[in-house]
Structure formats: C-alpha cells, structure tokens
Amino acid sequence: MNRQGILIVVSGFSGAGKGTIMKELTNRHAQYALSVSATTRQPRPEEEEGVAYFFKTVPEFERMIEQEELIEYACYVSNYYGTPRRYVEERLAEGRDVILEIEIQGARKIKERFPDSVLLFVTTKDAKTLEERLTGRGTEEPQVIRQRLARAAQEAEGIEEYDYLVINDDLDDCVAQVHRIIESEHLRMSRRLELVNHIREDLQGLTKGE
Ligand code: 5GP
C-alpha cells in the first residue's frame, strides 16, 4: 500500500532559521522534497537560480499567475513570491512529502485548498535573538531589516492558525523534532483509512461462514 505524501507548510519569522532547518531535513531524509518558489526579489550573492528561487521579472511573474502555474502566491515586503504547481503535484503523486517554505498569507491559502496539509511555525526563542540573527546575516539593509521585523510582528498575530510551533534553539534538536512531527502525521487515522478498510475486509474474509 502506497504511503500518501503530505504537503507541509513551514513559515517563520525572517531570520528564524527555517531555511537551514529545511536544508538539513532534506539532506537527512530522502522522503522530503523541498519546493523551489518563484520570486521577483533580487538574488542575494550566494543564491543560485533554480536552487534558492526561480528569479522572475514582475511581468514574468504576473504571466505565471494568469496561466495558473502557481498554487499560491503573495506579496512580501514589496516583492512577489509564489509556489509553482507542477513540482508539488508531481512529488505528492510519487508519495514524497513536499515542503513549502512560505509566509503566512500563502500558508492560509494552502490550508484552504489542501485541508490535509500540515502547518509548522518556526521561531527563535525570543525577539532579541531574531534581531541579532537578521543583523548578523549581513545580507539586508537596515531599512529592510526594520521592515522584516515589522512584518514579523504582524505575522505573530497569526501563529495560532498553525498546527505546530517549533523553537529553533539547537539545529539538531529542531530537525529531529520536525521529522517526528511529520512521521506522527503519517500515522493519523484520517490518513490511514485505506489500510483500515483493508484490515476490515481481511477480517471479514477470515470470519466468513462462522
Ligand atoms: P526571503 O526574501 O527571505 O527569501 O523570503 C521572504 C519570505 O517569503 C519568507 O517568509 C519566505 O518563507 C516567503 N516565501 C518564499 N517563497 C514563498 C512562496 O512561494 N510563497 C509565499 N507565499 N511566500 C514565500
């Protein structure tokens, strides 16, 4: 019996380290497929096309919206970000667990369209640590850091809409925790009804004639 892939949404404040956690998770376990988003944001120096993101112009992105090539998209600090449909649908069909690392508006749209999806929110243990990480990363201008912190304050209002809260204190612990959450989700009764029916039919077969 094939295991169905789960659609996993991971959000978190900018600087909470969700990218690092997801990279480590996919390195350790082959079951996970990390979706690569499209964005109109400028690439950071270390970011490769097709690995970090598919970098698009605004008209290119708007064409993707029109052609329904995205399963969700949102505007975040003056740029578009969106999830290409094809990769997600193909990997899920193969039984892989697909991870979307997206912000809260996108997370809401995914939960609406895919009610079986699992939503995780990643945070640092406090706001101070978040600010230190954003500043220490050195990839953003102070003005953008302020905008990202303001956005974090807004996003904090929606945390309860997520199914799980993960605190990124120790990377190893955090990766193990996320893996355990997803493995447990696979055991949920609602995802195992095919197996349940199979067992019922087998039992009926065994007790026939008694
Ligand atoms: P960054 O510019 O730091 O790479 O990403 C900014 C925010 O956009 C992050 O919260 C990230 O999770 C989110 N994001 C990245 N890709 C997508 C996407 O495809 N859709 C949505 N809705 N948000 C995304």
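Scroll up to find the structure this text is about.
Counting starts from 1 at the beginning of each chain's written sequence and moves along it residue by residue. Only residues with pLDDT of at least 70 are given local features in this predicted model, and only at 80 or more are side-chain atom pairs given and counted; all residues enter the totals for whole chains, interfaces and linings. No hydrogens and no water enter the side-chain calculation; it runs on all heavy atoms of the structure.

1. Here's the deal with the layout of surface pockets
A probe as big as a water molecule, rolled over the atoms, marks out the empty space that is left. Of the grid points, spaced at 1 Å and generated over the protein atoms alone, those admitting a 1.4 Å probe that cannot get out make up cavities, while open sets with protein on both sides within 12 Å along at least five of seven lines make up pockets; any residue with an atom within 4 Å of a point is treated as lining. Grid points are joined across faces, edges and corners, and a volume is the space filled by probe spheres set on the points. Considered as a void within the structure, the largest pocket measures approximately 1200 Å³ in volume. Together, 38 residues line the largest pocket, and Gly 19, Arg 44, Glu 47, Tyr 53 and Glu 101 are the ones closest to its centre. Elements that contribute at least two residues to the lining of the largest pocket include exactly strand S1 (7-12), helix H1 (18-28), strand S5 (70-76), strand S6 (79-84), helix H5 (127-137) and helix H6 (142-156). Working definition: helices are DSSP H or I runs of at least four residues, strands are E runs of at least two. Numbering for both runs from the N terminus. Of the residues forming the lining of the largest pocket, the biggest block, five residues, is contributed by H1. A breakdown of the residues in the lining of the largest pocket according to their chemical character gives 10 nonpolar, 14 polar and 14 charged. Lining the second largest pocket are 21 residues; nearest its centre among them are Arg 3, Gln 4, Gly 5, His 186 and Arg 191. Taken together, the elements giving at least two residues each to the lining of the second largest pocket come down to helix H7 (171-186) and helix H8 (193-207). Its residues assigned to classes, the lining of the second largest pocket comprises nine nonpolar, six polar and six charged. Charged residues are taken to be Asp, Glu, Lys and Arg, nonpolar residues to be Ala, Val, Leu, Ile, Met, Phe, Trp, Tyr, Cys and Pro, and polar residues to be all remaining types, Gly included.

2. Describing the nonpolar core
The criterion is simple. A nonpolar core is a set of buried Ala, Val, Leu, Ile, Met, Phe, Trp, Tyr and Cys residues joined through side-chain atoms within 4.5 Å. Three labels apply to residues, based on accessible area from a 1.4 Å probe with only protein chains included: buried if under 20% of the type maximum, exposed if over 50%, partly exposed otherwise in between. In this structure, Ile 8, Leu 25, Leu 100 and Leu 120 are the most contacted members of the largest nonpolar core, which totals 35 residues. For this core, the elements supplying multiple residues, two or more each, are S1, H1, strand S2 (32-34), strand S7 (97-101), helix H4 (104-113), strand S8 (118-123) and H7. Core analysis: the next-biggest nonpolar cluster, separate from the first, contains five residues, Ala 38, Phe 61, Leu 70 and Tyr 80 among them.

3. Considering the site of the ligand
Throughout this document, a residue counts as near a molecule or strand when at least one of its heavy atoms sits within 4 Å of that molecule or strand. Near the ligand you find 16 residues, and of these Ser 37, Arg 41, Tyr 53, Tyr 81 and Glu 103 are the closest. Residue Ser 37 places a side-chain N or O atom 2.7 Å away from an oxygen atom belonging to the ligand. Residue burial considers only the protein chains on display, and all accessible areas are found by Shrake-Rupley using a 1.4 Å probe. Contact with the protein chains covers 95% of the free accessible surface of the ligand, which is 510 Å². What decides whether a molecule sits in a cavity or pocket is whether more than half of its atoms lie within 2 Å of the grid points. With respect to the detected pockets, the ligand is housed in the largest pocket. Of all elements in the fold, only S5 and S6 reach the threshold of two or more residues within the shell around the ligand. Counting of polar contacts relies on pairs of N or O atoms within 3.5 Å, with two restrictions inside protein: one atom must be capable of donating a hydrogen and the other of accepting it, and residues adjacent in sequence are counted only when both atoms are side-chain atoms.

4. Focus on the pattern of salt bridges
Between Lys or Arg on one side and Asp or Glu on the other, a salt bridge is scored when a side-chain nitrogen of the former is within 4 Å of a carboxyl oxygen of the latter. If you walk through the whole model with that rule in mind, you get 20 salt bridges. Linking Glu 47 and Arg 41 is a salt bridge whose minimum nitrogen-to-oxygen distance equals 3.0 Å. Taken together, the shared-partner salt bridges connect Arg 41, Arg 44, Glu 47, Glu 140 and Arg 148 into one network.

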